[in-house]
Amino acid sequence: STDPNKAKAGYEKVSREGFVKDYPLEILHKNRDTTPVLYNASIYKDEKGRTIGVFAAGKDINQLKTAEEELKEHMDSLEITVKNRTDELIHANDLLKTEIKERKKMEKTLRESEERYSITLDGVNDGLWDWDVSSGDVFFSNNYYKMLGYDPGEFPANYESWRLLVHPDDIDSREKQLQESLELRRGFEIDLRMKTKSGKWLCVSTRGKEIEKDSTGNPKRIVGTIRDRTDRANAEKKIKESLEEKEILLKEIHHRVKNNLMIISSLLNLQSSYIKDKASQDVFKESQNRAKSMALIHEKLYQSTDLKRIDFGDYISSLATKL
């Protein structure tokens, strides 16, 4: 030590107290340099309490200061890094909160949209289908099943199930019609008969449209609706029957008018036989021919497939022959 008295004081202190911590001294090196140190010292005693030794460990203050400065710099750098990282985390947290808020908003909007979609599907009588052409899987809405008398999901949701429900006399022509519509890249509407759970045949109309293609340009996804057209078919049948009845009635009217005109013509012919005057006979003959020409029109009308029109060429030819 460069200060023996200070070193002695330190020894006495450790003798008294049994332990000295961070006691400062200057140590003289062999090359006459000095180094400030801090040392810790402890007294070791035997079983009778007599001192048998002293253990001391020193620390270079310059190295300690350097280490402390480096530690401080490191701590300052770490503090800056922590602050920057904290700011980043706060910013990321704010972004995450905003994203979560937007996601919740989107989920709410989606949920409301799905609810409206579900209500709409249940509110209309049409059934909805969504066909994945590549896999053959099909989504059938609840109304689709109910329309055919089934509980939702009671038969497999695939294309083969649909084929098995279609009337055997309809399946080939309807598949051909479907294929032609898809090749022309247009929507389609097909009328067919489908078998209900009770075994009856239901007249339905199905509409569809391709909404997605695969990598080769072929249809990948087709969606559409199915509608019960039994009432419409019955109404069309009644209208057709009514039109046929009216057509028969019109033909009967034309036939009777023709008969009446022919009777008038015959009466005129009969009456003209009593007339000796040539001029008067010509007047009766002209009236008779006019009645025949009108009768011929009505005859052509009730014989024609179109009650509004007749073949004028055929009419003139017949009229010339008869007159």
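Before any of the text, the structure's been laid out above.
All values derive from a computational prediction rather than experimental measurement.

### Examining the overall build of the protein chain
Logical step 1: When its secondary structure is counted, the protein chain shows eight helices and eight strands.
Logical step 2: The C-alpha atoms of the protein chain give a radius of gyration of 56 Å, which is well past the 20 Å a tight globule of 323 residues would have.
Logical step 3: Taking the principal axes of its C-alpha atoms as reference, the protein chain extends roughly 185 × 45 × 35 Å.
Logical step 4: For the protein chain, the proportion of its 323 residues judged to be buried stands at 24%.
Logical step 5: Considering only residue pairs separated by 6 or more positions, the protein chain has 37% of its internal contacts joining residues 24 or more positions apart.
Logical step 6: Carbon and sulfur atoms provide 53% of the accessible area of the protein chain, an area that totals close to 23,400 Å².

### Side note on the layout of surface pockets
Logical step 1: Here the largest pocket is characterised by a volume of approximately 160 Å³.
Logical step 2: Listed by contribution, the elements that provide at least two residues to the lining of the largest pocket are β7 (201-213), β8 (219-228) and α6 (230-272).
Logical step 3: Of the residues forming the lining of the largest pocket, the biggest block, four residues, is contributed by β8.
Logical step 4: Of the residues that constitute the lining of the largest pocket, the class distribution is one nonpolar, two polar and eight charged.

### Remarks on the sheet that holds β7
Logical step 1: Here five strands make up an open sheet; going across it, the order is β5-β4-β8-β7-β6 and the pairing antiparallel. Since the sheet does not close on itself, it has two edges, and those belong to β5 (138-140) and β6 (188-195), each with one partner. Between one strand axis and the next, the sheet turns by 25° as a mean value, whatever way the strands run.
Logical step 2: Sheet analysis places strand β4 (residues 127-132) next to β5, joined by three bridges and oriented antiparallel. When the sheet's bridge partners are listed, Asp 130 is paired in β5 with Phe 139.

### Quick word on the pattern of salt bridges
Logical step 1: Inspection of the entire model under this criterion finds 18 salt bridges.
Logical step 2: A salt bridge links Glu 175 to Arg 163, with the shortest nitrogen-to-oxygen separation between them at 2.7 Å. Taken together, the positions of Glu 175 in helix α5 (residues 168-183) and Arg 163 in helix α4 (residues 159-165) put the pair 12 residues apart, joining distant regions of the chain.
Logical step 3: A relative accessible area of 27% places Arg 163 in the partly exposed class.
Logical step 4: For Lys 300, the salt bridge goes to Asp 314, with nearest N and O atoms at 2.8 Å.

### Overview of the nonpolar core
Logical step 1: Grouped together as the largest cluster of nonpolar side chains are 24 residues, with contacts concentrated most on Trp 129, Tyr 144, Leu 148, Phe 155 and Met 194.
Logical step 2: Listing elements by their share of this core, those giving two or more residues are β4, β5, α3 (142-147), α4, α5, β6, β7 and β8.
Logical step 3: In terms of residue count, β6 provides more of this core than any other element does, four residues in total.
Logical step 4: In this structure, Tyr 144 is in contact with Gly 127, Leu 128, Trp 129, Phe 155, Trp 162, Met 194 and Ile 226, ignoring residues within four places of it in sequence.

### Overview of the side chain of Ser 181
Logical step 1: For Ser 181, the location among the structural elements is in helix α5.
Logical step 2: Ser 181 sits in the buried class, given a relative accessible area of 6%.

### Side note on the environment of Leu 323
Logical step 1: Relative to the helices and strands, Leu 323 resides in the segment after α8 (312-322).
Logical step 2: On the basis of relative accessibility, which here comes to 51%, the residue Leu 323 falls in the exposed class.
Logical step 3: When sequence neighbours within four positions are dropped, the list of residues in contact with Leu 323 reads Asn 289 and Lys 292.

### Points about empty space enclosed by the protein
Logical step 1: This structure, assessed with the given rule, holds one cavity of 30 Å³ or more.
Logical step 2: Counted as a void, the largest cavity has a volume near 190 Å³.
Logical step 3: Around the largest cavity, the lining is made up of 14 residues, and of these Trp 129, Trp 131, Tyr 159, Trp 162 and Thr 206 lie nearest the centre.
Logical step 4: Secondary-structure elements contributing two or more residues to the lining of the largest cavity are β4, β5, α4, α5 and β6.
Logical step 5: By residue class, the composition of the lining of the largest cavity is 11 nonpolar, one polar and two charged.

### Remarks on the pairing of β6
Logical step 1: On β6, burial follows the alternation: Phe 188, Ile 190, Leu 192 and Met 194 on one face are buried, whereas Glu 189, Asp 191, Arg 193 and Lys 195 on the facing-out side are not.
Logical step 2: Between β6 and the antiparallel strand that follows it, β7, lie five residues; Gly 199 among them carries a positive phi value of about 100°.

### A few points about a nonpolar patch on the surface
Logical step 1: On the surface, a nonpolar cluster with roughly 350 Å² of combined accessible area is contributed by Leu 71, Met 75, Leu 78 and Val 82.
Logical step 2: Structurally, Val 82 can be placed in helix α2 (residues 61-123).

Conventions we followed
Residues numbered from 1 in each chain as written. Predicted model: local features only at pLDDT ≥ 70, side-chain atom pairs only at ≥ 80, totals over all residues. Heavy atoms only, no water. Helix = DSSP H or I, 4+ residues; strand = E, 2+ residues; numbered from the N terminus. Rg over C-alpha atoms; globule rule 2.2 N^0.38 Å. Buried < 20%, exposed > 50% of the residue type's maximum accessible area, 1.4 Å probe, protein only. Contact = heavy atoms within 4.5 Å. Areas by Shrake-Rupley, 256 points an atom, 1.4 Å probe, with all protein chains shown as cover. 1 Å grid on protein atoms, 1.4 Å probe; cavity = no way out; pocket = protein on both sides within 12 Å on 5 of 7 lines; lining within 4 Å. Points joined across faces, edges and corners; volume = space filled by probe spheres on them. Nonpolar A, V, L, I, M, F, W, Y, C, P; charged D, E, K, R; others polar. Pairing = 2+ DSSP bridges. Axes fitted to C-alpha atoms, helices over the stretch in contact; angles between N-to-C directions. Salt bridge = Lys/Arg side-chain N within 4 Å of Asp/Glu carboxyl O. Core = buried A, V, L, I, M, F, W, Y, C linked by side-chain atoms within 4.5 Å. Patch = residues over 30% accessible without salt bridge, like charges linked within 9 Å, V, L, I, M, F, W, Y side chains within 5 Å.

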